[in-house]
Each structure stands twice: as structure tokens, then as C-alpha cells.
Amino acid sequence: MSEALVTATGVTSVLGTGAAQVRALNNVSLSLNGGELVVLMGPSGSGKTTLLSVLGCMLTPTEGNVHICGLSTAGADAEELAAIRRRFIGFVFQSYHLFPTLTAAENIQLALDVRKQRGRKARARTAEVLKTVGLNHKARAFPRELSGGEQQRVAIARAIVAEPAIILADEPTAALDGTNGQAVMKILASVARVPHRAVLVVTHDTRLTNFADRVLYIEDGRITGEERPRSKIGLEELPANPLRA
Amino acid sequence: MQDVPEIQRRILAFCGFGFRLPFLRGNASEAPHVQVEHRTSPRPFTREPDMPLVLTLASRNLFQDRLRFAATLTGIVFSVVLVMVQLGLYAGFGRMVTTMIDHASADLWVVAKGTTSFEDLSLLDANLEKRLTAIRDVASVDPVVIGFSNWRLPGGAMTPVFVVASDFRQNDLLPWNIVAGKVDDLKQRGTIAADKTYFQRLGVSGLGASVEIRGYPAKIVAVTEGIRSFTTTPYIFADLASARAYTGLPPASVSHFIVRLKPGADRDRLKQDIQSAISGVEVLTPQEFANRSRSFWLFGTGAGAALFAGALLGVIVGTIIVAQTLYSSTKDHLYEFATLRAIGCAKSYIYRVILYQAVLNAVIGYTIAAAVGLIVVALTATSALPIVISKNLIGGIFLLTLVMCVVSALAAIGRTIRMDPVMVLSR
């Protein structure tokens, strides 16, 4: 384990107004350390996605502080939050959110392009990450030509290609069968093998806890428990780290 | 993926895209979760390095929905062609109303005070010729007579003509584009030049035809081509004496004077000298007289305003159509833009995608419209009011098209400003 890459202290998030107002997060404090994969579990409506939004700098908490790699998000405007995401965070979404008009390689390269990493190096890096997720032969395939598992692997490649310190994954296996889900989780777990990188996976799937260093439980907007799985999958079962140390 | 069709490549190369366009590999249909059979031979990752990814994304977004793209192009082409025709008519009209002034060999024009145009029927005293000639540095003074007259058709009916006359010995305002006969023959009394375009309307067969104008006999001794009047009343060139007879103008009156300077004379100084020596006249340079004529016919009559209003309508229609289609395209791709935002891209990156779409619309739409415009120009070249499209107008309309499409993108950009990246987590 290494230093905390993400810390949330006393985070409260109130969504909506008037009668529709909901306290989605209630005084949540947690940290995400380098070199660990944390699984966040909880029932629907428990506040998982809201917490992911706050930790991912997409939603400003009503109260509390969030630090990303030592930077406070307090008072940051939308562009500053986007810059933090660009610099430190990679996202993996449940529905992949690949660009249907771009090829697999272009989808990945887009994450570099928005970071102004272009040209030969960017293409080489894209090819390298595609190879790591086992899709180098699908570089020029469009998302519609890929299976769900392959699409999610492209989405993971997009999230990791710029080598962010933090990977946030929202239900990354929800749309996948067991085999593909396991494959995706192995890739995410291997990402977290480096001391200065961390992965947070939000999921309903209890089978994924095998990949976790820690499991956090959330309910009604509060962290209700934390445990360290006993039967964690060993390093030797994981693929090579797609992110360079 | 299929090869890029040759015709598409040619069209896009013509539009100025020097690089390869990978978006042409894209497919119109979108089904991201449908698995299809993979190709057996893996393709290496060789995305064309010379096209920015943001432009790739913009162009593929644009081409993805081909029906919408076609609708957008139709709107732009309609708009640009309308603007082109209206402004081309304006330019053509502006050129036609000054055609006599442009073809006269004048250093200065002396006209009655308040004269609005070459066709203004205000009169000057013919005796001014002597006073003008006496002014220092004046080389020659050529009286010009103009006026409407009646041309007798073979059946006995009358049709109006516009008579233009000057002293043919001085060659200051001669008919041009002579296709038959000789200008020198016009020095004879009772001879005229007419444009072949109007022969059918005037009921004559051509050179040598004998006609009657306001009861006076006339013979066509020169035939011109392309001297057309914006009033649709045919121009008839005649000598001064004949013109007075045809128009009923008294011998002591003329319409304008054409003044030629001695070599090396200062035109501005002479202009002032004439102005101070003779009252009740205005002394104009050819450019000033042309501007005044143009201003009168284009804006004094409302014709120019109507043409500009038509052009403005075209711009408004084009802007609305492009704005509507860009907005709906942006709405369709909102989750993609939100994804971009979620992965940390700056707003300016998204704006660039939308603006590139607008610019691509503009370039492709304009290219098609320009081709249509050239056809229209060719078709109207010999009409009563040809559409004139100059290089400046072509450049100006291209800039206008760009501005129109970029302004149209503002609504779409506004939609992305209100977009919340959290939406990608809700789906």
C-alpha cells in the first residue's frame, strides 16, 4: 500500500430541491490508497453512483472535502474539475460509452487527444494498450463490431491509456457474462498493482470482491462497513500491468 | 470496411481536404451493442496520421446520419444559391445601369444639377458647349443626347426605344460589340445601330433594315451584341441631329456633355474650374457619375433593397436550417459529448467538434452551391439581367457561408454548455 490518492472527508451530497430533495450522501469519509483495488458495494439507491460522481470530480459535494492526489476540489469550477479528471482520473462506465463512429483504436486515442497527447507517440501508446487488453487485432473495428466484453476492454484501455493515478469503474461487469466479467476485473486488478495507482469499482456483483483489496459497503448514503477479502486472487493470476510503473 | 468511393474522394478533394478522410469508412447505422461476426484477418492499427482526431470525430458525426446531412446540405445550398443569385443580380444590375458611362471615353461629365443617372432626362443649354471649350485645359466637349422615342413595328404598332447619341466624329460614346456593319456609317443622318438581341421585338431582320422612329425614317447600319438595357427598352444609337428628331429634343438642348482633358491636365482642378465658371451644372468624374447612377437605380427605386432583402432571407433560412440540424445532431450525440467531458476534456474541445461540423457543412454546401451558381451564371449570361459573380463575390459568399454555419453552431454549443457529465453514470 502507498499514500492516499483520494480522500473524502465528511462528504454530504444533497440532490434536488424542495419536496424532491434527497440526501444522497451523508457524512461519508473514505480514502483510496495507491496500489489497491477497492470495491464499493451497496443496493440500488444507496448512493454508490453519487459517491463515484463526487470522487470523480463530476459532482461537487454539498458539504465536506475531497482531495485528489493532494489537490482539494473545494471551490473548483467545472473547467478546473475537468482538468483534475484529465490529469488524475480514468473512467470505466457500465454502458462503455464508446464513440460509435470511431474505431477501437480511435476511441482509445481520444483519451490521449483530449490530453493533447498526439502524433506517433500517442499512436504507439494506443497500440500498446490495445495489445495489453488483448484487442490489437481489433484496432480498426468499430464498437458495433465488438462483443460486449471487447467493448468494455476498449473502454478500460481508454481509461488507462493516459496512465491516470485513479481508475473509477461504474458497474464495469454489469452488462457482461461471467467469463467476460472476470476478464475485465483481472485487467482492472492488474492496473492496481502499482503503488501509486488505485482502482475503485462500484458494483452489485459479490463475485468481484475476490479481486478487491478492500470492500466498502454503502447504504442510505453512509459507509456502513469495510472488509478485506480473505480469498483475494493472487498476483500470478493477473495479466501484466497495462500501466507502466 | 469498404473502400472510399472514388466520387466521394473527388468531391471532398475538390472541397479542399487534402488529407484522407477516414470517416468515409463509417457506417450510417449505429448499434453499439450488437455483436457481428469479426473479420478473419486482423487489420493493423494504422489510423491516418495526418487528420486530427477531433476532425475525424466531427466528420463522422456529420456523416453518420446521411439523411440529416443531406437535409443540411440542401438547406445550405438553397441558402447560398439564393444569396449568390440575389447578390449576383445586384452586381449585374449595378453593372448594367452604368454601362453607357463605363463605355464612354469621358474624363469628366457635365450634367444638369440634380441629375440622378445617365438616363435622367434633365436638359442643358447646348450653348454651354462653347463656354466649356473655352475653359483652359479642355481638349474637347461632346454633347450627348438621350431620350425615349417610339419605334414603329411592321404591323403599325409602336414600341418604346431609348435613343443615345453623341458626336460620332469625336468617338466619345460609340456603340461597342459591333457584330455587323460599321460605326463610321452612323455619321450619316438617319442611320442607327441596334442590338441584335432586340431584333425580334423590334420586328427587323438585321443590318440594312429600314425602320421608322417617331415618324422619321432610319436605317440600321450597325448591329451590336450584348448592349442590353436594364429597363428592357432597347438602346438605339444615332447621330445627334437624328436623335433630336427621334426624341423631339429642341436643337438648343442637350442631355449631358462629355469633356476630354488636354494631356497632362489636372482633372480635379479642371473640375473645379468648370464648376465655378458655369452655374446650374454638376461636374462629375466617370466614377462619380457611375456611383450616382448606381445609387439611384439600386436604392432610389428600391430594387437594390429588394435584392438585399432576398439575400438576407437566404442567410436567415440557411442559418435556421443549419442551426436546427446541428442542434439535433448535438442532441443525438449528447452522451458522447458528456463522455468526453467525463474523461476530462475541456469544453473548448467539444466546441471544436461542433465547429468543425459547421465548417464541414459550410465547405461542402458552398462547393455544391458554387457549382449550381456557375450554372445559373452561364444560363443568364445572355439574359436581360445577367447574374454577375465576381471573384470578390465568390470569396465574400464563402466567408458569409462560413459565418452562417459557425453562428448556427452556437445553439448546439449552448446545449453542450448546459450538459452535465454526470449523465453518463445514469445510463
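Residues numbered from 1 in each chain as written. Chains lettered and ligands numbered in written order. Predicted model: local features only at pLDDT ≥ 70, side-chain atom pairs only at ≥ 80, totals over all residues. Heavy atoms only, no water.

Explain the pattern of salt bridges here, please?
Where charged atoms from two side chains of opposite charge come close, those side chains can pair. Summed over all chains, the structure comprises 19 salt bridges over all chains. One salt bridge in this structure joins Glu36(A) and Arg214(A), with 2.5 Å as the shortest N-O distance. Here Glu36(A) is found in the loop between strand E2 (22-33) and strand E3 (37-41), whereas its partner Arg214(A) is found in strand E9 (residues 214-219), with 178 residues between them in sequence. Neither Glu36(A) nor Arg214(A) differs from the other in exposure class; each is buried. Taking the shortest distance from any N to any O, the salt bridge between Asp273(B) and Arg269(B) comes out at 2.5 Å. Of this pair, Asp273(B) and Arg269(B) both sit in helix H8 (residues 267-277), separated by 4 residues, roughly a single helical turn. Asp273(B) gets classed as partly exposed once you look at its relative accessible area, which sits at 26%. What emerges from the salt-bridge pattern is a single network uniting Arg125(A), Glu128(A), Glu163(A) and Arg197(A). (Salt bridge = Lys/Arg side-chain N within 4 Å of Asp/Glu carboxyl O. Helix = DSSP H or I, 4+ residues; strand = E, 2+ residues; numbered from the N terminus. Buried < 20%, exposed > 50% of the residue type's maximum accessible area, 1.4 Å probe, protein only.)

When you look at the environment of Lys48(A) in this model, what are you seeing that I'm missing?
Residue and element names in this part refer to chain A. Structurally, Lys48 can be placed in helix H1 (residues 48-55). With 171 residues separating them along the chain, Lys48 and Glu219 place their C-alpha atoms 8.4 Å apart. Residues in contact with Lys48, not counting those within four places in the same chain, are Leu40, Met41, Gly42, Pro43, Glu171, Val202, Thr203, His204 and Ile218. (Contact = heavy atoms within 4.5 Å.)

Just checking my understanding: could you explain unusual backbone geometry for this structure?
With the exception of glycine, the majority of residues adopt a negative phi angle, and the majority of peptide bonds are in the trans configuration. Even without being glycine, Tyr96(A) reaches a positive phi, approximately 65°. Position of Tyr96(A) among the secondary structure elements: in the loop between strand E6 (89-92) and helix H3 (104-113). With relative accessibility at 3%, the residue Tyr96(A) sits in the buried group. Positive phi, normally seen in glycine, also occurs at Arg214(B), with a value near 45°. Positionally, Arg214(B) belongs in the loop between strand E7 (210-213) and strand E8 (216-224). Take Arg214(B): its relative accessible area is 41%, and that puts it in the partly exposed class.

Even after reading the chapter, I still don't get the sheet that holds strand E7 (residues 166-170) of chain A, so can you show me in this structure?
Where strands meet in a sheet, backbone hydrogen bonds hold them as pairs that are either parallel or antiparallel. All names here are of chain A. Spatial strand order, E6-E7-E8-E3-E9-E10: 6 strands in an open sheet with mixed pairing. Both outer strands of the open sheet, E6 and strand E10 (222-227), are each paired with one neighbouring strand and no more. Across the sheet, the axes of successive neighbouring strands diverge by a mean angle of 20°, strand direction being ignored. The sheet contacts of helix H5 (residues 148-160) involve E6 and E7, and relative to E6 the element is tilted by about 170°. (Pairing = 2+ DSSP bridges. Axes fitted to C-alpha atoms, helices over the stretch in contact; angles between N-to-C directions.)

Explain the sheet that holds strand E1 (residues 4-15) of chain A here, please?
Residues and elements named next belong to chain A. Pairing is antiparallel across the open sheet formed by 4 strands, whose spatial order is E2-E1-E4-E5. What marks the edges here is a single partner per strand, and that holds for E2 and strand E5 (71-72). Here E1 pairs with strand E4 (residues 63-68) via 5 bridges, running antiparallel. Bridge assignment links Thr9 to a residue of E4, and that residue is Asn65. Its contacts with the sheet place H1 against E1, E2 and E4, and it is angled at close to 55° to E2.

Please clarify how the environment of Val283(B) should be interpreted in this entry.
All names here are of chain B. Position of Val283 among the secondary structure elements: in strand E12 (residues 281-284). A residue is classified by how much of its surface remains accessible, and Val283, at 2% relative accessible area, is buried. Taking the C-alpha atoms as reference, Val283 lies 8.8 Å from Lys113; in sequence the two are 170 residues apart. With residues up to four places along the chain from it excluded, the contact list for Val283 reads Leu108, Trp109, Val110, Lys271, Ile274, Gln275 and Glu288.

So what exactly am I meant to see when it comes to the packing of helix H3 (residues 66-96) of chain B against helix H9 (residues 286-300) of chain B here?
When two helices pack together, their arrangement is given by the angle between their axes and by how far apart the axes lie. Residue and element names in this part refer to chain B. Two elements in contact, H3 and H9, have axes separated by 9 Å at closest approach and are oriented at 135°. Between H3 and H9, the interaxial angle falls into the category oblique. In the crossing of H3 with H9, the sense of the turn from one axis to the other is right-handed. For the pair formed by H3 and H9, the contact residues are Tyr90, Phe93 and Gly94 on the first element and Arg294, Trp297, Leu298 and Phe299 on the second. Tallied by class, the residues present in the contact of H3 with H9 amount to 5 nonpolar, 1 polar and 1 charged. (Parallel < 35°, antiparallel > 145°, perpendicular 65-115°, else oblique. Left-handed = near helix turned anticlockwise from the far one by under 90°. Nonpolar A, V, L, I, M, F, W, Y, C, P; charged D, E, K, R; others polar.)

None of this, on its own, says anything about what the molecule does.
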